[in-house]
Amino acid sequence: MPKIKGLYAITPDWTDTEKLLHATRSLLEGGASAIQYRNKSDDVALQHAQASELIQLCHSFKVPLIINDNLRLADLTDADGLHLGAEDASIREARFILGPDKIIGISCYDRLDRAKEAEQQGAGYVAFGSFFASPTKPNAVNAPLFLLEEAKRVLHIPVVAIGGITLDNANLLVKAGADAVAVISALYESNDLHASAANFTSLFHRPDQIQ
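Residues numbered from 1 in each chain as written. Predicted model: local features only at pLDDT ≥ 70, side-chain atom pairs only at ≥ 80, totals over all residues. Heavy atoms only, no water.

Some remarks on helix 4 (residues 91–98)
Move 1: Restricting attention to buried positions, one finds in helix 4 the residues Ile 91, Ala 94, Arg 95 and Leu 98. For helix 4, the angular spread of the buried residues around the axis is 100 degrees, confining them to a single face. The exposed residues of helix 4 that point more than 90 degrees off its buried face are Arg 92 and Phe 96.
Move 2: Residues of helix 4 that are buried make contact with helix 3 (71–77), strand 4 (81–84), strand 5 (103–109) and helix 5 (112–120). (Buried < 20%, exposed > 50% of the residue type's maximum accessible area, 1.4 Å probe, protein only. Helix = DSSP H or I, 4+ residues; strand = E, 2+ residues; numbered from the N terminus. Arc of directions from axis to C-beta. Contact = heavy atoms within 4.5 Å.)

As for the sheet that holds strand 5
Move 1: If you walk around this closed barrel you meet the eight strands as 1-2-3-4-5-6-7-8, and the pairing is parallel. The average undirected angle you get between the axes of adjacent strands in this sheet is 25 degrees.
Move 2: Sheet topology places strand 7 (residues 159–161) next to strand 8 (residues 180–183); two bridges connect them, and they run parallel. Counted as the bridge partner of Val 160 is Ala 180 from strand 8. (Pairing = 2+ DSSP bridges. Axes fitted to C-alpha atoms, helices over the stretch in contact; angles between N-to-C directions.)

Concerning the side chain of Thr 77
Move 1: Tracing the backbone through its elements, the reader meets Thr 77 in helix 3.
Move 2: Its relative accessible area of 11% is what places Thr 77 among the buried residues.
Move 3: When residues no more than four places from it in sequence are discounted, the contact partners of Thr 77 are His 48, Ala 51, Ser 52 and Ile 55.

Examining the pairing of strand 1 (residues 6–10)
Move 1: Most of strand 1 is tucked away: five of the five residues are buried.
Move 2: As defined by bridge partners, strand 1 adjoins strand 8 across four bridges and the pair is classed as parallel. Each bridged residue has a counterpart across the sheet, and for Ala 9 the counterpart in strand 8 is Val 183.
Move 3: Note that strand 1 and strand 2 (residues 34–37) share three bridges and pair parallel. Following the sheet pairing, Tyr 8 is matched in strand 2 by Ala 34.
Move 4: The parallel pair strand 1 and strand 2 is bridged by helix 1 (residues 17–29), and the resulting crossover is right-handed. (Right-handed = clockwise from strand over helix to strand, strands pointing away.)

Re the packing of aromatic side chains
Move 1: Counting across every chain of the model gives two aromatic pairs.
Move 2: Here the aromatic rings of Tyr 8 and Tyr 125 are separated by 5.8 Å at their centres, their planes lie at 80 degrees, and the arrangement is edge-to-face. Taken as a pair, Tyr 8 in strand 1 and Tyr 125 in strand 6 (residues 125–128) lie far apart in primary sequence, 117 residues in all. Both residues of the pair, Tyr 8 and Tyr 125, belong to the buried class.
Move 3: Ring centres of Trp 14 and Tyr 188 lie 5.5 Å apart, and the angle between their planes is 90 degrees; on these two criteria the pair is classed as edge-to-face. One end of the pair, Trp 14, is in the loop between strand 1 and helix 1; the other, Tyr 188, is in helix 8 (residues 185–188), and 174 residues separate them in sequence.
Move 4: One residue, Lys 19, lies across the ring of Trp 14, its end atom 4.3 Å from the ring centre. (Phe/Tyr/Trp six-rings, centres within 6.5 Å; stacked < 30°, edge-to-face > 60°. Lys NZ or Arg CZ within 6 Å of the ring centre and 35° of its normal.)

Remarks on the side chain of Gln 47
Move 1: Tracing the sequence through the fold places Gln 47 in helix 2 (residues 44–60).
Move 2: A polar atom in the side chain of Gln 47 sits 3.1 Å from the backbone oxygen of Asn 39.
Move 3: Setting aside residues no more than four positions away along its own chain, Gln 47 makes contact with Tyr 37, Asn 39, Ser 41, Asn 70 and Leu 73. (Polar contact = N/O pair within 3.5 Å; in protein donor to acceptor, adjacent residues only side chain to side chain.)

Points about the confidence of the model for the chain
Move 1: Of the residues in the chain, 93% have a pLDDT of 70 or more, and the chain-wide mean is 93.
Move 2: Low pLDDT (under 50) marks residues 207–211, which in the prediction has six contacts with non-local residues, meaning those over four places away or in another chain. (pLDDT = per-residue confidence, 0-100.)

A short note on the pairing of strand 3 (residues 65–68)
Move 1: Of the two faces of strand 3, the one holding Leu 65 and Ile 67 and the one holding Ile 66 and Asn 68 are both buried throughout.
Move 2: Bridge count between strand 2 and strand 3: three bridges; the pairing is parallel. Bridge assignment links Gln 36 to a residue of strand 3, and that residue is Ile 66.
Move 3: In the classification by handedness, the crossover that spans strand 2, the intervening helix 2 and the parallel strand 3 is right-handed.
Move 4: The pairing of strand 3 with strand 4 spans three bridges and is parallel. Bridging from a neighbouring strand, Asn 68 pairs with His 83 of strand 4.

This is the structure we're talking about:
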């Protein structure tokens, strides 16, 4: 099972598959180390088609494609993993259906106790946030920076930071202990996706971040 680290790009809800693939390719070329497919539409055929195309693209870069929320889609497309929220399937159910080698991550918001439980249940990573105001989820729970430091101290799986992350604030999260930063708008709405991805990726290779 690959470990989540570095730039974790999350796709926007675009119906234009060619545009989505072209943008994601630029992010992969810029160094994105994981892609999460997030599509909240009711178009099941579109979801399946886009996820399948993204899996092929990601695999050509040896990068995992993780499905957001949708256990059935992750199973049908044989995606590399699944990201769960508070209202989704349990980790145990997802692990039973997807098998032992898939990446299963879960949002823990501002709750370290939820993250500890997730690790015990077999999660491959946990995500905390929102750390900053998020245009995607304006009513998201606020998480404090020190939560990352505490999580790194007690957990043995990767810790992902989510919510309102930009190039201006991402280094605060990396310094606090985030193994990865999950980004949507600051990547897919960028005028230069390749450069944006490369700039985020470089944060994890600075001398002060080498562990």
